[in-house]
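# Coordinates in review
So the chains spell out like this:
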Amino acid sequence: MFESEESGLLRFAIGLVGQRPVAEELVQEAFLRLHRAQDGVEKPKAWLYRCVHNLAVNHLRDRPAETELDEKAVPGVEALPAEALGRNEAVGMVRLLLAEIPPEDRALIQLKYHDGMRYREISRRTGISVSNVGYRLHHVLKGLADSLRHAGIEGAKDEPSHQNYESKSRN
């Protein structure tokens, strides 16, 4: 599990804390905690992402001075504004939530938004009817938006509109 998940968790942690050495420590600690609690963990990948997120939040809360970069210490790098840190946290939360949804729903999101496929193309690729592709994407995105809202992530007020994109792409 370490080999398959370490690099993704490390990128996630770097996005949250902005420092590779700290991120490496957080990921290592998460795997140690998983090892100690593995009998009670049903979804280890999702558990690891949540653990890294919680460890990062604790780290940032306990060491606020480390979240502000000294511009003179790192030439060409400016301190991250609060908005950028919030965006990194939102991206991390989306990754965490995506890790928790069923693989077949995650695949639909991948095909639609990463690969840029239309419903008809997704239907051909997956064997799911075109209308069911739309239905499932709608409900998955609604669930993600609700989860983001409950997590306090701003900008999750409106449900993502994949239908507008789809109708425009047919023309």
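Use the structure listed above.
These lines cover the structure that appears in this document, whether it is placed above or below. (Residues numbered from 1 in each chain as written. Predicted model: local features only at pLDDT ≥ 70, side-chain atom pairs only at ≥ 80, totals over all residues. Heavy atoms only, no water.)

### Some thoughts on the overall build of the protein chain
Defined as follows: A run of H or I in DSSP becomes a helix once it reaches four residues, and a run of E becomes a strand once it reaches two; helices and strands are each numbered from the N terminus. With a 1.4 Å probe rolled over the protein chains alone, any residue whose accessible area is under 20% of its type maximum counts as buried; one over 50% counts as exposed, and the rest are partly exposed. Note on areas: Shrake-Rupley with a 1.4 Å probe; residue coverage comes only from the protein chains shown.
When helices and strands are counted, the protein chain shows eight helices and zero strands. Secondary structure elements of the protein chain, listed N to C terminal, follow the sequence α-α-α-α-α-α-α-α. Scored against the burial criterion, the 171 residues of the protein chain give a buried share of 33%. Carbon and sulfur atoms form 50% of the exposed surface of the protein chain, whose accessible area is close to 11,000 Å².

### Comments concerning the nonpolar core
Selection criterion: By nonpolar core we mean a set of buried residues, namely Ala, Val, Leu, Ile, Met, Phe, Trp, Tyr and Cys, connected to one another through side-chain atoms within 4.5 Å. Contact definition: two residues touch when any of their heavy atoms are within 4.5 Å.
Membership of the largest hydrophobic core comes to 38 residues, with the highest contact counts inside it found for Leu9, Val17, Val27, Val52 and Leu144. Every residue in contact with Val27, bar those within four places of it in the chain, is listed here: Glu6, Leu9, Leu10, Ala13 and Val52.

### Points about the environment of Phe31
Structurally, the position occupied by Phe31 is in helix α2 (residues 20–37). In this structure Phe31 comes out as buried when scored by relative accessible area, which is 13%. Put simply, Phe31 and Glu5 are 26 residues apart on the chain and 9.9 Å apart in space, counted from C-alpha to C-alpha. Beyond its immediate sequence surroundings of up to four residues, Phe31 is in contact with Met1, Phe2, Glu5, Glu6, Leu9 and Leu48.

### Considering the packing of helix α5 (residues 103–114) against helix α6 (residues 119–126)
Note the threshold: Fitted lines through C-alpha atoms give the axes, limited to the stretch in contact for helices. The angle between two N-to-C directions lies from 0 to 180 degrees. Roughly parallel covers angles under 35 degrees, roughly antiparallel covers those over 145, roughly perpendicular covers 65 to 115, and oblique covers all other angles. By definition, turning the near helix anticlockwise from the far helix through less than a right angle yields a left-handed crossing, and turning it clockwise yields a right-handed one. Note that Gly is not counted as nonpolar here; it falls among the polar residues with everything else outside the nonpolar set of Ala, Val, Leu, Ile, Met, Phe, Trp, Tyr, Cys and Pro and the charged set of Asp, Glu, Lys and Arg.
Where α5 meets α6, the closest approach of the two axes is 10 Å, and the angle between their N-to-C directions is 140°. When the axis of α5 is compared with that of α6, the two are oblique. Considering only the axes of α5 and α6, their crossing is right-handed. Where α5 abuts α6, its residues Leu108, Leu111 and Lys112 lie against Tyr119, Ile122, Arg125 and Thr126. Broken down by class, the residue content of the contact of α5 with α6 amounts to four nonpolar, one polar and two charged.

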